[in-house]
Amino acid sequence: HPAGFKALLLVTLSSGSLVAYSDSQSETERVSLEQNQKEQKKKKVVVLGTGWAGTSFLKDIDVSSYDVQVVSPRNYFAFTPLLPSVTCGTVEARSIVEPVRNIIKKKNGEIQFFEAECLKIDAANNKVLCHSNLDQNLGGNGEFSLEYDYLVIAVGAQVNTFNTPGVRENCHFLKEVEDAQKIRASVIDSFEKAVLPGLSEEERKTCLHFVIVGGGPTGVEFAAELHDFIQEDLVTIYPMVKDLVRVTLIQSGDHILNMFDERISSFAEQKFQRDGIEVCTGCRVLGVSEKSLSVKVKSHGEVYSIPHGLVIWSTGVGTRPLVRDFIEQVGQGDRRALATNEWLRVKGSENVYALGDCATIDQRKIMEDILNIFKAADKDYSGTLTISEFQDVVDDILIRYPQVELYLKSKHLMDVTDLLRDPEGNERESVDIEGFKLALCQVDSQTKSLPATAQVAAQQGTYLSRCFNRRQQCQEHPEGPRRFSGSGQHRFRPFRYKHFGKFAPLGGEQAAAELPGDWVSMGHSTQWLWYSVYASKQVSWRTRVLVVSDWARRFIFGRDSSRI
Ligand code: FAD
C-alpha cells in the first residue's frame, strides 16, 4: 500500500537519519569531550605586567597548552627607550605605545586581559588578589582574585627616591608615558611663565633653570633632548629669554654614564661642556623644595642651594610594594628584587617565575655551585686536575653560567683555554686550579646581577615562554646541564643573556654606542645606527611607521611647542 510504503520509507529514512544524526552527535560529543579534557588539562598561567618582559612572554606562549590570563594597570605596551624623546615632542606619546589587545589578538583571542593592578600574591593558595579602578562595583570594591597553576611576575620596578625629602612632591620622574607628557607640558609652562610681564630677571632665570638629577643613560639622554629642544626650537620662539636658560646635570659619581666605557663617558662630558650643559659630578642631593635643591659636594662636604624651575629625578629604580611583600613571603630577606635561579624560578617557590626589572638571578648560589663543581672533580683535594677533568669542569661551569666566560674575557683576566697550555704553547698535563678559582671568586664579588634593561627583560620573556612551550618535550628529552646534586639532567638550558650593545644618544644628531666585542662608536654615524636600531626594534609596523614619520616631521617642521 502506497501509504504503508510511504510510512515505512519515512521510518527507514528517519531512523537512518537518526542513526546518522546520532553518529555525528557522538562524534561531536567525543570531539568536545576531548576538547574539554584538553581544556581541563590546560594549566592556568597568570601573567602580571605588560611591559618588556610580560609582552615578550605573551607573544610566544603556546595558548593551546595553557590558559593564559594577564593583569596590568596599563592596557598598552610602552617602548621605554623612546620616552626621553616624548618629553620634548621629538616623538609623540601615541607613537611609542601598542595596545595589549593588539598583541594578544594574534593568539585568536585565547588570552584574557584584565586592566587591573595586582595587590597581593597569595602563594600558599596559588591566587593573586587584584584591584580595578574601572568598576568599583566588582565585589563591592573593584577587587577580584585569580587562581593560577603558574604565576609569571613581570611588574618591573618603580622610581627610587632614596627617601630624599621633597622629591616625590617637587620632582618629575621619567618612568611612564604620562611622566613624559607632564614633563613636556611643564617645560613649555616654564618658558611661558618666564616671559610673563612683571617678573624680575632673577625670577625669569629661576623659571628657566632645568635640573636633572642622575647621570645615567636616562638622565643624560633627557638632558641632551632638552638642550636640542631649547636650542633648535624654543630660543627662536622665545628670543627674549634665550640667554637666561640653563640646564644642569647632577651626578653623585665621579663621571656621567659611568656604566659605559670610559671613552664614552668622557666624550659625553666634553660634548655637554661644549653645549653649555653644566655637569656637577660628585654631588649628592639632600632635599628638594618647590623653589630650590639642597646639594652637598661629597669631596669637601659643602652644602649649597640651587634655585630651579623644573627638576627631573632619574636616579635608578626601586622595588614595588607588591614585590617587596612577596620577597618577604618567600623568605628572601632584604633584597631589591626577587631572587630567581638560572631558570627564572623564584627561589623558595615551586610555580612562580619572575623576570625583568623586578627579578635578579641569584649570584651567591652560582658561586657556591661553581666551588662545588671543583670540589666534586678534585676528589683527592690535591688542587690539580688533569686536562680532561679540567675541561669537564669548565664545560660544566660554562653551560650553567655563561656569564663567567663573559666576565673573565671582559675583565681580561684570562681566557680559560690559556690555562690548558704552558707559556710556550705546549699542552699541559694537569692544571693548577687555584688561580682559576681565585679569578672565579671575583665573579662573585664583582659581577653585578644583569642590568635592569629592556634587552634583558625581553630576552627573559622569550626564554620563559619557550620553556613553557617545551615542557612536555623536555620532560622526556632534557636539554639542560647535568644536575649537580641529584641525578639526571635539568629539563631546560639555563637562561643565557646575549648582549647586543647599548646606546647613549647625546643630542645634536650624535650618539655613542658600546657594541659587542669591545667596539665603541661615537658621533653622527652612530646616531644613524641608533635611528635604524630603534626603528627596527618597534613592536609593530604601526608604531614603526609612526615613529619614523615623527622623526621626519621633526626634521622638516621642528618640534611642536604648544602646551597640549
Ligand atoms: P616594565 O617595562 O616597567 O613593565 C612593568 C609592567 O608591569 C607594566 O605594564 C606595569 O603597568 C605593570 N605593573 C606594575 N605594577 C603592577 C601590578 N601591581 N600588577 C600588575 N601589573 C603591574 N632599557 C634598554 O634596554 N634600553 C634603553 O634605551 C632604555 N631606555 C629607558 C628609558 C627610560 C626613560 C626608562 C624609564 C627605561 C629605559 N630602559 C631601557 C629600561 C627598560 O625600560 C626596563 O628595563 C624595562 O622596561 C623592564 O621591563 P619590565 O617588563 O621588567 O618592566
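Attention shifts here to the site of the ligand. By nearness alone, 31 residues border the ligand, and Ala53, Thr80, Cys118, Asp357 and Ala454 come closest of all. Backbone polar atom of Thr50 to an oxygen atom of the ligand: 3.0 Å apart, as the coordinates give it. Here an oxygen atom of the ligand sits 3.4 Å away from a polar atom, N or O, in the main chain of Gln455. Protein chains bury 90% of the 1000 Å² of accessible surface belonging to the ligand in isolation. At the level of secondary structure, the elements contributing two or more residues to the shell around the ligand comprise helix H2 (52-60), strand E2 (66-72), helix H3 (83-87), strand E6 (117-122) and helix H15 (454-469). Per-element tally for the shell around the ligand: the top contributor is H15, with three residues. A per-class count over the shell around the ligand returns 16 nonpolar, 10 polar and five charged.

Pairing is antiparallel in the open sheet, where three strands are placed in the order E6-E7-E8. A single partner strand is all that each edge strand has here, and the edge strands are E6 and strand E8 (143-147). Put simply, the sheet's adjacent strands are angled 25° from each other on average, direction ignored. In this structure, E6 lies alongside strand E7 (residues 127-131), joined through five bridges in antiparallel fashion. The residue of E7 that forms the bridge with Asp122 is Lys127.

Rules and cut-offs
Residues numbered from 1 in each chain as written. Predicted model: local features only at pLDDT ≥ 70, side-chain atom pairs only at ≥ 80, totals over all residues. Heavy atoms only, no water. Near = heavy atom within 4 Å. Polar contact = N/O pair within 3.5 Å; in protein donor to acceptor, adjacent residues only side chain to side chain. Areas by Shrake-Rupley, 256 points an atom, 1.4 Å probe, with all protein chains shown as cover. Helix = DSSP H or I, 4+ residues; strand = E, 2+ residues; numbered from the N terminus. Nonpolar A, V, L, I, M, F, W, Y, C, P; charged D, E, K, R; others polar. Pairing = 2+ DSSP bridges. Axes fitted to C-alpha atoms, helices over the stretch in contact; angles between N-to-C directions.

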